[in-house]
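# Survey of secondary and tertiary structure
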Amino acid sequence: MEYTISQVTQSLDVTPRMLRYYEKVGLITPFHKDDYAYRCYDEETVKRLQLIIVMRKLRIPLKKIAVILQDSDQMKTLEILRESVEELDGEIKSLETVRSALNMFISHLDEATQSKARVYLLGNNVLMKAVEALSLPKTTLKEKTNISISELDQANESLDKRLNVRIVMLPPYTVASNHVIGKDPEASVGDPVDKFIRESGLYEIKPDSRYFGFNHPNPGVLEDGIHGYEVWVTIPDDMEVPAPLVKKHFNGGLYAAMTIKFPEFNLWCELNRWAWDNPDYEANYSELGFEIMGGCLEEHLNWVYSSYMGWPENGIDGQLDLLLPIKKRESKKD
């Protein structure tokens with residue numbers, strides 16, 4: 001049985017962009033019919049893709065998935081899965097450390113409130129007891145009651161790796177833009193920009209040039225699977241650009257940034273959740289809303305340099321910054 005790219009993306013809830021990346025790194029191989037312009041996939045390829053999706057949901061890196069797909073005796077697969085369990089065990093242990101510390105604070109504070117004592121956290125003996133407990137060495141009891149500060153530091157360091165969000169201010173930019181709308185716009189939108197970068201010597205003129213992209217319009221806005229993707233490359237203000245590129249101005253602004261490895265775009269959900277829960281910042285979505293991803297950007301790191309270098313092997317590591325527009329959260333009035 002054969003499947004079109006549209007059938008695969010809809011049934012497995014993946015994007016054409018993700019499929020192309022899996023093809024690029026050799027995880028799946030499509031084919032083209034003589035009378036059909038788009039990629040097709042046979043049943044075996046779809047099964048491979050299903051396995052890749054499951055492995056990614058289990059947080060297995062793509063490099064290790066490639067090993068699993070080629071592992072005939074499954075010995076390496078077992079080793080990879082066991083390593084993943086060990087990593088998860090480390091995260092679970094870190095969470096348990098934080099939970100134990102919180103429970104100690106709760107216990108001490110509860111004891112104080114039960115005795116009708118006024119709890120002043122900056123100087124109360126209740127808090128000092130908890131701090132002392134955190135500083136004591138490990139006990140030999142089965143149920144851990146004391147946690148060292150260094151253990152708590154290690155636990156937080158381990159957990160912080162899961163979602164490392166930075167606050168960045170993007171300055172105003174003049175950009176060369178290319179915009180494509182179609183069935184698979186990401187496949188071709190970067191080609192004219194790549195040509196422009198190389199022929200103009202942009203990297204030599206502006207070595208700090210940056211490359212951004214975003215859905216425009218977002219999938220789901222138009223019918224029949226049609227959507228768009230727009231890319232920007234930052235240029236000097238007085239630089240002219242050839243068609244089909246268009247010169248535009250970007251106002252800049254404050255963003256929450258998180259680095260991902262392509263194609264971990266599912267982490268957009270985590271970044272939006274971070275903005276929803278953050279006590280200091282909130283999302284500052286564009287008035288155009290869903291049409292342009294709410295003003296969110298995807299910055300392809302090192303893209304301009306790699307284009308300038310002619311895309312050497314290992315010339316780009318597939319890292320992106322997800323950039324969510326934010327603003328200071330207004331304080332609630334009493």
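Notes on the structure follow. The written sequence of each chain sets the order in which its residues are numbered from 1. Side-chain atom pairs in this predicted model are given and counted only at pLDDT of 80 or more, local residue features only at pLDDT of at least 70, and totals for whole chains, interfaces and linings cover all residues. Side-chain numbers here rest on the full set of heavy atoms in the structure, without hydrogens or water.

## Focus on the pairing of strand β3 (residues 39-42)
Pairing between strands is defined by DSSP: at least two bridges between them are needed. Helix and strand assignments follow DSSP, with helices taken as H or I runs no shorter than four residues and strands as E runs no shorter than two, numbered in order from the N terminus. As judged from the 3 bridges shared by strand β1 (residues 2-4) and β3, these two strands associate in the antiparallel manner. Across the sheet, residue E2 finds its bridge partner in β3, namely D42. In the sheet, strand β2 (residues 31-32) pairs with β3 via 2 bridges, with the strands oriented antiparallel. Each residue of the ladder has a partner; that of H32, found in β3, is R39.

## Some words on the pattern of salt bridges
Here a salt bridge means any side-chain nitrogen of Lys or Arg lying within 4 Å of a carboxyl oxygen belonging to Asp or Glu. Tallying each qualifying case throughout the model produces 10 salt bridges. K206 serves as the salt-bridge partner of D208, at 3.3 Å between the closest nitrogen and oxygen. Using a 1.4 Å probe on the protein chains alone, a residue whose accessible area is under 20% of its type maximum counts as buried, one over 50% counts as exposed, and one in between counts as partly exposed. With a relative accessible area of 16%, K206 lands in the buried category. Across the pair K248 and E230 runs a salt bridge, and its minimum N-O distance is 2.7 Å. In this pair, K248 sits in strand β8 (residues 246-250) while E230 sits in strand β7 (residues 227-235), placing the two residues 18 residues apart along the sequence.

## Brief notes about the packing of aromatic side chains
For Phe, Tyr and Trp, rings pair up if their centres lie within 6.5 Å, where Trp contributes its six-membered ring, and each pair is then called stacked (planes under 30 degrees apart), edge-to-face (over 60) or tilted (otherwise). Taken as a whole and assessed by the stated rule, the structure comprises 10 aromatic pairs. Counting every residue linked through ring pairs, the aromatic cluster contains Y173, F212, F214, W232 and F250. Positioned over the ring face of Y281 is K328, at 4.8 Å from the centre of the ring. Only Lys NZ and Arg CZ are tested; either one counts as a charge over a ring when it is within 6 Å of the ring centre and within 35 degrees of the ring normal.

## As for the side chain of H300
You can see H300 is positioned in strand β11 (residues 297-300). When near neighbours in sequence (up to four residues on either side) are disregarded, H300 contacts R17, Y211, G213, Y229, Q319 and L320. Throughout, a contact is declared for two residues whenever any of their heavy atoms are within 4.5 Å.

## A short note on the nonpolar core
Within the largest apolar cluster, 52 residues are counted, with the highest numbers of intra-cluster contacts made by Y22 and L297. Leaving out residues up to four positions away in the same chain, L297 has contacts with L170, F212, G213, F214, W232, F250, Y255, W268, D321, L322 and L323. Within the second largest apolar cluster, 17 residues are counted, among which are L202, V233, L245 and V304. Nonpolar cores were defined as sets of buried Ala, Val, Leu, Ile, Met, Phe, Trp, Tyr and Cys residues, with membership established by side-chain atoms within 4.5 Å.

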